[in-house]
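# A look at the structure
Listed here are the chains, written in short residue letters.
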Amino acid sequence: MNTIRAVKISLAWISIAWTACYLAFGLIPGLGPMAMPYVLHMNVPMENIFTIGNFIVGLIVWNVVVAAGVGLAGLLSNIIKA
């Protein structure tokens, strides 16, 4: 498994997915309050959470989480031989 390539592909994918979801929740009225109890399993107030800062922080956090997960999967794939 080419771990570096897999991480790059996953980072591109999560960046696209994060942007699409952020835009959908920000632009479609009522989608946030309707979906958040199911997405987060809790009620979250939806006032003023769609800012550039929140978008950038979320993008960074999700990229770090995905890179760590895919990197670990690649590492284990290279270490564990069947």
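### Structural notes on the confidence of the model for the chain
- For the chain, the average pLDDT comes to 90, and 99% of its residues sit at 70 or higher.
- Averaged over each element, pLDDT in the chain is lowest for helix H2 (residues 31-39) (83) and highest for helix H3 (residues 52-79) (95).

### With respect to the environment of Ala 67
- With respect to the helices, strands and loops of the structure, Ala 67 is situated in helix H3.
- It is 27 Å that separates the C-alpha atoms of Ala 67 and Met 42, two residues lying 25 residues apart in sequence.
- Contact partners of Ala 67, with chain neighbours within four places excluded, come to Val 7 and Leu 11.

### Focus: the environment of Met 36
- Its place among the elements puts Met 36 in helix H2.
- In this structure Met 36 comes out as buried when scored by relative accessible area, which is 13%.
- Sequence spacing of Met 36 and Phe 25 is eleven residues, and the spatial spacing of their C-alpha atoms is 9.6 Å.

### Comments concerning the side chain of Ser 10
- With respect to the helices, strands and loops of the structure, Ser 10 is situated in helix H1 (residues 3-27).
- Within the structure, Ser 10 has its side chain in polar contact with the backbone oxygen of Val 7 (distance 2.8 Å).
- In this structure Ser 10 touches Val 66 and Val 70, once residues within four positions along its chain are discounted.

Each value, and the rule that gives it
- Residues numbered from 1 in each chain as written.
- Predicted model: local features only at pLDDT ≥ 70, side-chain atom pairs only at ≥ 80, totals over all residues.
- Heavy atoms only, no water.
- pLDDT = per-residue confidence, 0-100.
- Helix = DSSP H or I, 4+ residues; strand = E, 2+ residues; numbered from the N terminus.
- Contact = heavy atoms within 4.5 Å.
- Buried < 20%, exposed > 50% of the residue type's maximum accessible area, 1.4 Å probe, protein only.
- Polar contact = N/O pair within 3.5 Å; in protein donor to acceptor, adjacent residues only side chain to side chain.

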